[in-house]
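Inside the fold
One letter stands for each residue in the lines below.
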Amino acid sequence: MKLILIINIIVAAIFFCCYAYQLYFLAVPFTKKQEPHKPVTPHRFAILICARNEEAVIADLLQSIRQQTYDQSLITTFVMADNCTDRTAEIARAEGAVVYTRFNKNLVGKGYALEQLLLHIQEDYPRTFDGFLVFDADNVLDCRFVEAMNQSFCDGYEVLTSYRNSKNYGDNWISAGYALWFIRESRYLNNSRMLLGTSCAVSGTGFFFSREVLESTGGWKFHLLTEDIEFSVHHILQGRKIGFCAEAILYDEQPVTFRQSWRQRLRWAKGFLQVFHKYGAGLVKGATRGSFSCYDMSMTVMPAFVLSVGLIAAYIIAGAVTTAEGLSFLPCLVYIARTVFGMYLTLYIIGLFTTVTEWEQIHTTTAKKILYTFTFPLFMLTYIPISLEALFAKVQWKPIEHHRADRKVLETAAGRK
């Protein structure tokens, strides 16, 4: 059993060394203040929405765009109806968007649709826009979203991400698991990074980039399974600092079935591995040269759950060896149980801390807020088998179905005027 004890100590030390800084991040919002804003200059924005069979939800997003406090004459909304077989394009046109259609069964995924949409805009609206805002069709925007993003753009940030809240936190433990993680990511990862002057990371939707950034890459060239992380890593390696706009809040619909959640997170886990394979050497090189952003992104794209899989596998191998030597396998099971419990407790504390401090941002009942702090670790622990499958599985992009059109969410988003 000495071998198991040594493995346990080594892995615990690796975990602590790799991720201790994120514990410090929890304190940063309470100890650091945001720098004063610079004078505001109005800019012209293109809003980009890539939608595949989103007739149930896209109208809410487009209505929330029309409710923005920002000058509507400076906003143009574009929708790429990507391989749609429903009324997405028709509804988007009726709501005032400029709509393009795309039918391509070979190049599938948001990155390809976004690339084609930007090519259309470049051809039809050459150098018209100062920046671009990217959303998923199921989003709803707080009424001050564009105004807040413009302010941060004026502060000097040419790539920005936003505060990602949830439309359906209270549906079940799965939607709450997603939502609580994204709220924690917004407030205690990206917000802390911003306050410390290091680079943030784009998270899927609700992000901004300037025309200069787009021109620097020659269009949208990011097509891995997690194109948002690939986009982030590329620009961090170019020395660009990604900002976070805490006042720009969006509401996102999360999956509610375990099957759909598994499929989506398997794509994310595989995408992280793809990004690490493509950019890992550059991140490691940057980290060794003193770039904390490169180190931070290395820890993001090689998540702790990969180490967890390795630890449990090591326990099982060590247990098999001891069993072959005629010793009991029970001590290995005890170590595995202790490890899983330790992970559960750590995740529970993170979830509880986020729930308490972001209480007003979580839109569900008090009972569900409390209940889902206990189920949050279970949701996160399911990443272990997902990460294990991602190491070996061939994963392709598949759309996530969205159904929640909720007037209450629109009223909440519009209510901060």
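Residues numbered from 1 in each chain as written. Predicted model: local features only at pLDDT ≥ 70, side-chain atom pairs only at ≥ 80, totals over all residues. Heavy atoms only, no water.

1. Observations concerning the overall build of the chain
Quick reminder of the rule: A run of H or I in DSSP becomes a helix once it reaches four residues, and a run of E becomes a strand once it reaches two; helices and strands are each numbered from the N terminus. Each residue is placed in one exposure class: buried if its accessible area under a 1.4 Å probe, protein chains only, is under 20% of its type's maximum, exposed if it is over 50%, and partly exposed if it falls in between. The contact rule is simple, with two residues in contact once any of their heavy atoms fall within 4.5 Å. Exposure was quantified through the Shrake-Rupley algorithm and a 1.4 Å probe, taking into account, for residues, occlusion by the shown protein chains and nothing else. Charged residues are defined narrowly, with Lys and Arg counted positive, Asp and Glu counted negative, and His plus the chain ends left uncounted. Charge coordinates come from a single atom per side chain, which is NZ of Lys, CZ of Arg, CG of Asp or CD of Glu.
When you go through the chain residue by residue, the secondary structure sums to 15 helices and eight strands. Expressed as a percentage of its 417 residues, the buried residues of the chain come to 56%. At a minimum sequence separation of 6, the contacts of the chain that also span at least 24 residues come to 82%. Within the structure as shown, the chain displays about 18,500 Å² of accessible surface, and the carbon and sulfur contribution to it stands at 60%. Across the chain, the centroid of the 41 positively charged side chains sits 5 Å from that of the 37 negatively charged ones.

2. A look at the packing of helix α9 (residues 258-288) against helix α14 (residues 383-390)
Selection criterion: Under this scheme, a helix contributes an axis fitted over its contacting stretch, all axes are lines through C-alpha atoms, and angles between N-to-C directions fall in the 0 to 180 degree range. Should an angle fall under 35 degrees it is called roughly parallel, over 145 degrees roughly antiparallel, and 65 to 115 degrees roughly perpendicular, with every other angle called oblique. Each crossing gets its hand from how the near helix is turned against the far one by less than a right angle, where anticlockwise is left-handed and clockwise is right-handed.
Contact geometry of α9 with α14 gives a least axis separation of 9 Å together with a crossing angle of 55°. As judged from the angle between their axes, α9 and α14 are oblique. The way α9 lies across α14 gives a crossing that is right-handed. Contacts between α9 and α14 involve Trp-262, Arg-265, Leu-266, Trp-268, Ala-269, Lys-270 and Leu-273 on the former and, on the latter, Tyr-383, Pro-385, Ile-386, Ser-387, Glu-389 and Ala-390.

3. Some remarks on α14
An α-helix turns once every 3.6 residues. As a result, residues three or four positions apart point the same way. Selection rule: Each direction from the helix axis to a C-beta atom contributes to the arc, which is the arc of those directions.
Buried within α14 we find Tyr-383, Ile-384, Ile-386, Ser-387 and Ala-390. Taken around the axis of α14, the buried residues stretch over an arc of 165°, which confines them to a single face.

4. Observations regarding a nonpolar patch on the surface
This is how the line gets drawn: Patch members must show over 30% relative accessible area and no salt bridge, and they are joined within 9 Å when carrying like charges or within 5 Å when they are nonpolar side chains of Val, Leu, Ile, Met, Phe, Trp or Tyr. Just to be clear on terms, a salt bridge is a Lys or Arg side-chain nitrogen sitting within 4 Å of an Asp or Glu carboxyl oxygen.
Taken together, the side chains of Ile-6, Ile-10 and Ile-14 define a hydrophobic patch exposed on the protein surface, amounting to about 260 Å² of accessible area. Assignment of secondary structure puts Ile-14 in helix α1 (residues 2-31).

5. Some points on the environment of Glu-54
Inspection of the secondary structure puts Glu-54 in the loop between β1 (45-51) and α2 (58-66). Expressed as a C-alpha distance, the spacing of Glu-54 and Ile-400, which sit 346 residues apart in the sequence, is 9.7 Å. Discounting chain neighbours no more than four positions away, the residues touching Glu-54 are Asp-86, Thr-88, Ala-137, Ile-400 and His-402.

6. Describing the packing of aromatic side chains
The relative placement of two aromatic rings is captured by the distance of their centres and the angle of their planes. Worth spelling out the cut-off: Here is the rule: rings of Phe, Tyr and Trp (six-membered ring for Trp) pair when centre to centre is within 6.5 Å. Planes less than 30 degrees apart are stacked, more than 60 are edge-to-face, and the remainder are tilted.
Considering all chains together, one arrives at 33 aromatic pairs under this definition. Both rings, one in Phe-132 and one in Phe-209, keep their centres 5.5 Å apart while their planes meet at 25°; by these two values the pair is stacked. Remark: Phe-209 occurs in strand β7 (residues 207-210) and Phe-132 occurs in strand β4 (residues 131-136); sequence separation between them is 77 residues. Among the residues examined, Phe-132 registers a relative accessible area of 5% and is labelled buried. The class of Phe-209 is buried, set by a relative accessible area of 1%.

7. Notes on the packing of helix α6 (residues 173-196) against helix α12 (residues 330-357)
Two numbers describe how α6 lies on α12: the axes approach to 10 Å, and their chain directions differ by 75°. The orientation of α6 relative to α12 falls into the category roughly perpendicular. From α6, Leu-180, Ile-183, Arg-184 and Tyr-188 reach across to α12, where they touch Ile-350, Gly-351, Phe-353, Thr-354, Thr-355 and Thr-357.

8. Here we look at the pairing of strand β8 (residues 243-252)
Note on strand geometry: in a regular strand, side chains alternate between the two faces of the sheet. As a reminder, the rule being used: Paired strands are those between which DSSP finds at least two bridges.
For β8, a buried count of nine out of 10 residues is recorded, marking the element as mostly surrounded by other parts of the structure. By the bridge criterion, two bridges tie strand β5 (residues 140-141) to β8 in an arrangement that is antiparallel. Its bridge partner lying in β8, Val-140 is registered against Tyr-251. Examined bridge by bridge, strand β6 (residues 159-166) and β8 share seven bridges and lie parallel to one another. When the bridges of β8 are listed, Arg-164 appears paired with Leu-250.

9. Some thoughts on the sheet that holds β8
Spatially, the eight strands line up as an open sheet ordered β3-β2-β1-β4-β7-β6-β8-β5, and their pairing is mixed. Of all the strands in the sheet, just β3 (98-102) and β5 have a single pairing partner and so form its edges. Alignment of β4 against β7, held across four bridges, turns out to be antiparallel. If you follow Leu-133 over to β7, its bridge partner there is Phe-208. The sheet strands contacting helix α4 (residues 110-124) are β1, β2 (75-82), β3, β4 and β7, and the helix crosses β1 at an angle near 140°.

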